[in-house]
Every structure is written in C-alpha cells, then in structure tokens.
Amino acid sequence: MARKYRKKIGARSYKNYSDEILNEALDKIANGEISILAASKAYKISYGTLHNRFNGKHGNKCGHPTIFSEQEEMSFLTDAMKCGKWGFPLTLMDLRVIAKSYLDRKGIVVESFSKNLPGIDWARSLLKRYNNSLSTCVATNIARCRAEVSPQCISEYFDNLQQVIEHVPPQNIYNYDETNLQDNPGKKKLIFQRGIKYPERVQNHSKSATSIMFCGSATGILLPPYFIYKANEMWQPWTEGGPKGAPCCPEPCCSRGSRYNRSSHGWIDSVTFKDWFLTAFLPHAKRQPGRKVLIGDNLSSHIQQEVIVECEQNDIDFVCLPKNSTHLTQPLDVGFFRPLKQAWRNSLNEWKNQNTRLKAIPKASFPTLVRKAIDCMDSYNGGGSIANDLQASFKATGIYPLNKQKVMDKLPNTNDSDILINDTVTDYLKSQRYPNADENARKKRKKITVAAGVSITVATFGDNNNEISDEEVEVSNFPILTNDSESEHEVVDDSIPEYQPPSKDNIKIGTFILVNVKFGKRGMSIYVYLAVIKNIKDNVITITGLKSLDTTKQTFKLVKDDVFEVNLEQIQAVLKYPKVEGVGKSIKYKFSYSLDVREA
C-alpha cells in the first residue's frame, strides 16, 4: 500500500465535513428536531454514517490503528514542546529515538519498525495528526549568555524601571541603539530552471559595513540617525544626502538632520557616544518639558561621567538594560531594526542593479541610500510605519505601557501546570539553560614572574584577583620597588590613617607619598606630586611619579620615566596604601578619597 494515499479522480469523497458539523447533526437528531434522512441531506453527510454514529456503531477512527496510544503519543509531544520552550528543540530523529527508548524499556518489539526504531514517516505522520499543537520550523541560534537571562533578572529590572518612568509621558521615554548596515543585499528567491544545481546571481558585493546610531521615543518620534564611518579623516561628500526632516523629527532641534562622525574601527566608542549625546539627543530632549528617560544597553563606552552629569543637569534619567537581554528588552532590537534592514536590502539591491561595475558602496552614496531606505520603510501600508513600529516595539518590550509580562512570556515558564512532564526532564533543561555560574565558571589563572626572595600578597592584585586572565604578570610593574638590601610594601589596613606625617619610621620603599616639587627657572612654582618611593640611600629618596586618570584625583597610574630625587623635608604626607586594579601595563591605583595634588 502507498505510504501516502492519493484519491483517484472521480472516487467517492470521504468525510468532507468536520467533527463539529457531525456533532451538531447528531444533537438535532437526538432532540427530535430532524430525522436522519433530513439531516443527511441538510448537512451533506452519508445516511449510513449518521445512522451508525447515532446507534453507537463504528466509533473508531478510520485507517490503520496507531502503534502507540493517544496518551503515549501526547507524552512524546509534551517532551518535545517542553524542550522547544527551553531552547533545546528536538529533531525528527530525536523524536524517533525517544519512541525507541520507550519501546525498549517496556520490552515491546514492533515488527514494522527496524530494530524498534520508528521510521521518518512515523514521525511526520505523528506531527501531522497534531498539527494544531506542533510544527517544524527553522530555528535561530542564540548565545548561551543570552539564554541565561532569568525571570528573576527581568522582574528586578521592571521593578526598578517602574519607579523611574512613573509619571513620565511617553514622548519623554527614549531608546537608543546602534546597528550596522552591510554592503551585501543577501539571498533572495529567484526563478531558475527546475533541477539547477548551483543557482547563482551575478552581483558585486563586499563585507564592509557602516555603523549608525538610532534613537526613538515611545510615541513613535525618530531622531535623525548618527553615522559613524570607519576612517581617520572626514570628507564633505560623506555628509550629503542623509535623512533630514520627515519621517524623522522635523522640529528645529533636529533641523540640521543627520550627523556624521568617524572612528578608526568603525563602531561607536566613548568619544563618538558623547558627541552623539551632546549634539543629537540633548538638543531634542531639552525641548521636551518635564523629566526624560533614556534607555540603552550597559556598554562601558556609553556610561561616562560627562554624560551622567549632563543627564542630571537636564532632568534625564539614564537607564541601563539588563546584561545580555537586549533581544528581549531593547525596543529598537525587537521591532525596528528588522523592517529597517529589509528596506535597506531592497534599496541596496536596486542601487547595485544600476551600478553594476562598483563592488562596494562609496561613502558619498551611503547617506542617500539610507534616506531612501527610511522613506521606503515609512511608506509601507500607506505611510506612518516608522511611528507604528516604534510604538509597537515599546509595547512588545513592556516599557510603555509598562507590562513586564510581555517579556516574561518569552521566557520558559518554570511552573507549567498545563503540561505534565517528568520532573527529571524539567530539571535537566533548567540546568542546561541556567547553569550554576559558580560551579561551571572557568578558573582563571595567572603566572607571576617574581625575583627570588620577594614575597607577594593578595593586596598586590586588588580584590578581584580571581578575574585576572591567563597572562604573565611581572611584579616589576607593581609598586614593589626593590633594591639590593630590602623589599617592602604596605598592606591595606583600615586602622592606618589616610594621611600621616612623614618620619624615618614610615618612609619605606613602596610607600605612597605627597611631595612638594619646585619648577621653573627660579624655582618659584611649587607643585604637589603623588609619588611612590623607589629607593632610599643616604637621606636621598628616589621616587617615581604618578599621573591622575580622572578629574576627582582618585585614580592614578605609574609613570615609569618620571623618576627624580627628593629629601625628607619635601615630603608633605605619607598616604594609606591604595586599592590596586588591573594587571600588567594597565594597573591602576585607586584611593577612597580625593587627593589635593597639582601636576606639572
């Protein structure tokens, strides 16, 4: 018999009705409203079928009986559904192996199965019988760090967000994010002769991409994009033809349209982000009355002191999204970038068909193409699609209206009461998706090169000594400055005061001091230096200067070439040993208080 029966032309039709129609006809017959013959004509159901069903005959399903009972099949499918929810979906082969293992445990041998392993047709028929509950589709890979975003983390994020955006109107809630637009239009379905082995399309493309910063509000207002080229210099043609005015913000704050910058690597860094914030976002935010909320990812380049100060001065709350959760909580990622890139591919494909000899997009043509893509995106469905997409994105991420359940529904539910499944399977899936970071974390090592006879302590490497990578660390880079006779350094001790008067007892090698240094031709200018003692010999103290890394004068780095000599009278104070951060060339010394130093 054929595996998939095909009805012959002109053959009698069987069951061209649904179970609901059949039950409706049987109910009317049972209530005496209509006869079996009249019901057969009215509902176009065979008289024999109605007669047998009404009298309780031939109630079984048509066709060959299944190998497994309905309850057994549902147990297989619930396992498959549970694995799919937790991010470990099964293949048809996995489903067949589950059925084989079940038969082997039960001691049942099915002759129609090869070595008790069901065939591929069995798996396809099983999914076809329950096509209302399951289907096969192409899965997208997701990094494990993103999968580890737990419901507890999302719940804490929304609890904090609720306090921040309370009483903030939607036009004052913004989300920013950067993306890149590639020079490759991608694959597309085209017409070929059936059976062709290598379908190809002749079209030049490259692997280049350009980063763009976008920002939009919960009411659908899109700020002009901010272009970041990969270059060391900027040229005027690169800044012409970009988006300006509608569908972006047409107000005077954005009247200049798109802004342009460049970096050596081609993506946003602390300098370009600060420039975007001050020149693109801040003028628009200042026009909005009341408190504003700016939501974005927690990249270190985005969190800067100058940006935070501007936020405080202009009544802007800077909110960071949970780590590795932007695919769930970032509005632009969830509902804006996909239609944007689809419109970009269409515009790019059209441009490449008109410029067949050019391999890559010239930077002078890039802004114009982006403007066409944004106009194309906004014109979908009669216009206004950008505003609709932004509003839908904020709604899908639960930001406005505030609804954390929008995100929680996308995570696996650890308390599924509607699906009965073995607790062992559930526990296994939990351990795979949310592994114990403490148990499974890789133990990082560090190799220390130290001179013979020199001792070290954990204070040398700061508090985060377990987070040092597998690289060689030379103690000579640390303030354990040795001579031929002795080697000492101070250990952080809360009982030691922050400032101590200098004396012969506390002046030791490795001690941090504040020293007065005279500069100028006449020695009239006096500067206060932070330094560390390198050597002491015959009342001559050799020191190495440090340079501040922030405006608060709390974090410093060692300047190896800044070595000079002083005497005891020039030392102003002896300092408490600071906290050491980083390793090797990136080591920093952080004090818990600001130092009154003046560097030359």
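This text goes with the structure placed above it.
Residues numbered from 1 in each chain as written. Predicted model: local features only at pLDDT ≥ 70, side-chain atom pairs only at ≥ 80, totals over all residues. Heavy atoms only, no water.

Requested: an account of the pattern of salt bridges, with residues and values cited.
When their charged atoms lie close together, side chains carrying opposite charge are able to pair. The full count for this structure, using the stated rule, is five salt bridges. Among the ionic pairs, Asp104 bridges to Lys100, the shortest N-O distance being 3.1 Å. One end of the pair is Asp104 and the other is Lys100, both in helix H5 (residues 92-106) and four residues apart, which spans about a single turn. Relative accessible area serves as the criterion here: at 42%, Asp104 is assigned to the partly exposed category. Overall, Lys100 belongs to the partly exposed group, its relative accessible area being 26%. Asp183 is the salt-bridge partner of Lys352, the closest N and O atoms lying 3.4 Å from each other. Taken together, the residues span a long stretch of sequence, with Lys352 in helix H13 (residues 337-354) and Asp183 in the loop between strand E1 (173-182) and strand E2 (209-217) at a distance of 169 residues. Judged by relative accessible area, which is 3%, Lys352 ranks as buried. (Salt bridge = Lys/Arg side-chain N within 4 Å of Asp/Glu carboxyl O. Helix = DSSP H or I, 4+ residues; strand = E, 2+ residues; numbered from the N terminus. Buried < 20%, exposed > 50% of the residue type's maximum accessible area, 1.4 Å probe, protein only.)

I'd love a proper account of a nonpolar patch on the surface, names of residues and values included.
A contiguous nonpolar surface patch, about 250 Å² in accessible area, is contributed by Leu190, Phe192 and Ile196. Mapped onto the elements of the fold, Phe192 is located in the loop between E1 and E2. (Patch = residues over 30% accessible without salt bridge, like charges linked within 9 Å, V, L, I, M, F, W, Y side chains within 5 Å. Areas by Shrake-Rupley, 256 points an atom, 1.4 Å probe, with all protein chains shown as cover.)

So, helix H14 (residues 366-378): which residues are in play, and what are the values?
Here H14 contains 13 residues, and its C-alpha end-to-end distance of 19 Å stays within 8% of the 18 Å for a straight helix at 1.5 Å per residue. Those residues of H14 lying buried are Phe366, Pro367, Leu369, Val370, Ala373, Ile374, Met377 and Asp378. In this structure, the buried side of H14 is in contact with E1, E2, strand E3 (226-230), strand E4 (259-263), H13 and helix H15 (385-396). (Expected span 1.5 Å × (residues − 1). Contact = heavy atoms within 4.5 Å.)

How would you sum up the side chain of Asp177? Please name residues and give values.
Within the secondary structure, Asp177 sits in strand E1. Residue classification places Asp177 among the buried positions, given a relative accessible area of 6%. Contact partners of Asp177, with chain neighbours within four places excluded, come to Ile212, Met213, Phe214, Asp297, Gln330, Leu332, Asp333 and Phe337.

Residue-level account of the packing of helix H4 (residues 70-85) against helix H6 (residues 120-129), with values.
Here H4 crosses H6 at 90°, and the two axes come no closer than 11 Å. Considered as vectors, H4 and H6 are oriented roughly perpendicular to each other. Contact residues: Glu73, Phe76 and Leu77 in H4; Trp122, Leu126, Leu127 and Arg129 in H6. Classifying every residue of the contact of H4 with H6 gives five nonpolar, no polar and two charged. (Axes fitted to C-alpha atoms, helices over the stretch in contact; angles between N-to-C directions. Parallel < 35°, antiparallel > 145°, perpendicular 65-115°, else oblique. Nonpolar A, V, L, I, M, F, W, Y, C, P; charged D, E, K, R; others polar.)

I'd like a rundown of the nonpolar core, residues and numbers included.
Of all hydrophobic cores here, the largest spans 27 residues; its most connected members are Phe214, Phe336, Trp344, Phe366 and Val370. Only E2, E3, H13, H14 and H15 provide two or more residues apiece to this core. Excluding residues within four positions of it along the chain, Trp344 makes contact with Leu181, Gln182, Ile361, Phe366, Leu369, Val370 and Ala373. Judged by nonpolar contacts, the second largest core, of 23 residues, contains Leu223, Cys253, Trp276 and Ala280. (Core = buried A, V, L, I, M, F, W, Y, C linked by side-chain atoms within 4.5 Å.)

I'd love a proper account of unusual backbone geometry, names of residues and values included.
Here Ala246 and Pro247 are connected by a cis peptide whose omega angle stands at 10°. Residue Pro401 follows Tyr400 across a cis peptide bond; omega there is -10°. Positionally, Pro401 belongs in the loop between H15 and helix H16 (405-408). Backbone geometry at Lys44 places phi at a positive 60°, although glycine is not the residue there. Here Lys44 shows up in the loop between helix H2 (36-43) and helix H3 (47-54). Despite not being glycine, Asn324 shows a phi value in the positive range, around 60°. Its location among the elements puts Asn324 in the loop between strand E6 (316-320) and helix H11 (326-329).

So what's going on with the pairing of E3? Residues and values would help.
Of all five residues that make up E3, four are buried, and the element is covered over most of its length. In this structure, E3 lies alongside E4, joined through five bridges in parallel fashion. Opposite Lys230, over in E4, you have Ser263 as the bridge partner. (Pairing = 2+ DSSP bridges.)

Before we move on, could you go through the sheet that holds E2 and cite the residues and values that matter?
Spatially, the six strands line up as an open sheet ordered E4-E3-E2-E1-E5-E6, and their pairing is mixed. Of all the strands in the sheet, just E4 and E6 have a single pairing partner and so form its edges. Across the sheet, the mean angle from the axis of one strand to that of its neighbour is 25°, orientation sign disregarded. Against the sheet, H14 engages E1, E2, E3 and E4, with an angle of about 140° to E3.

Hey, could you go over the packing of aromatic side chains for me, with residue numbers and the actual values?
For the coordinates displayed, the defined rule picks out 27 aromatic pairs. Measuring from centroid to centroid gives 4.9 Å for Tyr157 and Phe158, while their planes differ by 65°, and the two rings are edge-to-face. By the burial criterion, Tyr157 is buried, and Phe158 matches it. Between the aromatic rings of Phe512 and Tyr589, the centroid separation amounts to 5.5 Å while the plane-to-plane angle is 55°, which identifies the pairing as tilted. A residue pair is termed long-range when its members are at least 10 positions apart, and Phe512 in strand E10 (residues 512-519) and Tyr589 in strand E16 (residues 588-590) qualify at 77 residues. Ring-pair connections join several aromatic residues into one group, and the members of that group are Tyr174, Tyr176, Phe273, Trp276, Phe277, Phe281 and Phe318. For the cation-ring pair, Lys363 lies above Trp238, with the distance from its terminal atom to the ring centre recorded as 5.4 Å. (Phe/Tyr/Trp six-rings, centres within 6.5 Å; stacked < 30°, edge-to-face > 60°. Lys NZ or Arg CZ within 6 Å of the ring centre and 35° of its normal.)

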